[in-house]
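Report on the structure
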Amino acid sequence: MKILIVNGPNLNLLGKRDTSHYGSKTLADIQMVLLRKAGDLGVELEFFQSNSEGEIVSFLQQKSTSASGIIINPGALTHYGLSLRDALCDSDLPIIEVHLSNIYSREEWRQKSVIAPICKGQIGGFSHKGYICALEIMVSELKGEDWG
Ligand code: DQA
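Report on the accompanying structure. Values in this document were obtained by computation on a predicted structure and should not be read as measured data.

Each helix and strand counted, the protein has 5 helices and 5 strands in total. Along its sequence from the N terminus, the protein presents helices and strands in the succession β-α-α-β-α-β-α-β-β-α. For a compact globule of 148 residues, the expected C-alpha radius of gyration is about 15 Å, and the protein comes in at 14 Å, within 12% of that figure. Buried positions account for 45% of the 148 residues belonging to the protein. A separation of at least 24 residues holds for 74% of the contacts in the protein among residues at least 6 apart in sequence. Total accessible area on the protein stands at roughly 7,400 Å², and carbon and sulfur atoms take up 49% of it.

Printed below as a string of structure tokens:
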């Protein structure tokens, strides 16, 4: 089972960028923790980050057929990325949207996600831990587990 982990614009600067909202971990740090968790869960990950919406759309078009799910932090594309939304929708895969910060406690323009309505769910406000929770829940959902 392969899960795509996609990060949008400016997330390549994690660790340096606005640490009060996004924490001090770099994207490489987050990817390392995710790889460890993926090993425990027995799943494969493929990472992709781009500052360009078109490149993310092309990546999703190429890779979705060989994947079982998508975990995405769309960065600012969250708020206006309609071609990203279409590409995610066309993938026909389960999607979890992740944010490091709680977008609902920030500026008004950040409080709307055009991606969330096509996702299974959204996790935000728990910095890098959100990605790990998303992976755990994604795999659990794909395996049809019931945590009750
Ligand atoms: C973000 C929130 C977005 O509003 C912002 O543009 C980002 C990061 C987050 O992870 O909290 O780039 O997606």
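In this model, Asn-10 sits at a positive phi of 75°, which is unusual for a non-glycine residue. Within the secondary structure layout, Asn-10 lies in the loop between β1 (2–7) and α1 (19–22). Residue classification places Asn-10 among the partly exposed positions, given a relative accessible area of 36%. A positive phi angle is found at Asp-18, which is not glycine, with a value near 35°. Along the polypeptide, Asp-18 turns up in the loop between β1 and α1. Classification of Asp-18 by relative accessible area gives partly exposed; the value is 34%.

The next subject is the nonpolar core. As a rule of thumb, soluble globular proteins bury nonpolar side chains together. In terms of nonpolar packing, the biggest core is built from 22 residues, with Leu-34, Leu-45, Ile-71 and Leu-135 touching the most fellow members. Elements with a contribution of two residues or more to this core: β1, α2 (27–41), β4 (95–99) and α5 (129–142). When neighbours within four sequence positions are excluded, Leu-34 is seen to be in contact with Ile-5, Leu-45, Phe-47, Tyr-131, Ile-132 and Leu-135. Formed by 18 residues, the second largest nonpolar core is a distinct cluster that contains Ala-67, Ile-70, Ile-72 and Ala-87.

What follows covers the packing of α2 against α5. α5 packs onto α2 with a crossing angle of 25° between their chain directions and a minimal axis gap of 10 Å. Accordingly, the angle class assigned to the pair α2 and α5 is roughly parallel. Here α2 runs over α5; the crossing is right-handed. For the pair α2 and α5, contact is made by Ile-30, Val-33, Leu-34, Lys-37, Ala-38 and Leu-41 and by Tyr-131, Ile-132, Leu-135, Glu-136 and Val-139, respectively. Considering only residue class, the contact of α2 with α5 consists of 9 nonpolar, no polar and 2 charged.

With that out of the way, let us pick up the pairing of β1. In terms of residue burial, β1 counts as a mostly covered element, since 6 of its 6 residues are buried. Taking every second residue as pointing to the same face, both faces of β1 are buried, with Lys-2, Leu-4 and Val-6 on one and Ile-3, Ile-5 and Asn-7 on the other. Direction of pairing for β1 relative to strand β2 (residues 44–49): parallel, over a ladder of 6 bridges. Counted as the bridge partner of Ile-5 is Phe-47 from β2. Of the strand pairs in this sheet, β1 and strand β3 (residues 69–73) are connected by 5 bridges, and their pairing is parallel. Across the sheet, the residue bridging to Leu-4 is Ile-70, located in β3.

Conventions and cut-offs
Residues numbered from 1 in each chain as written. Predicted model: local features only at pLDDT ≥ 70, side-chain atom pairs only at ≥ 80, totals over all residues. Heavy atoms only, no water. Helix = DSSP H or I, 4+ residues; strand = E, 2+ residues; numbered from the N terminus. Rg over C-alpha atoms; globule rule 2.2 N^0.38 Å. Buried < 20%, exposed > 50% of the residue type's maximum accessible area, 1.4 Å probe, protein only. Contact = heavy atoms within 4.5 Å. Areas by Shrake-Rupley, 256 points an atom, 1.4 Å probe, with all protein chains shown as cover. Core = buried A, V, L, I, M, F, W, Y, C linked by side-chain atoms within 4.5 Å. Axes fitted to C-alpha atoms, helices over the stretch in contact; angles between N-to-C directions. Parallel < 35°, antiparallel > 145°, perpendicular 65-115°, else oblique. Left-handed = near helix turned anticlockwise from the far one by under 90°. Nonpolar A, V, L, I, M, F, W, Y, C, P; charged D, E, K, R; others polar. Pairing = 2+ DSSP bridges.

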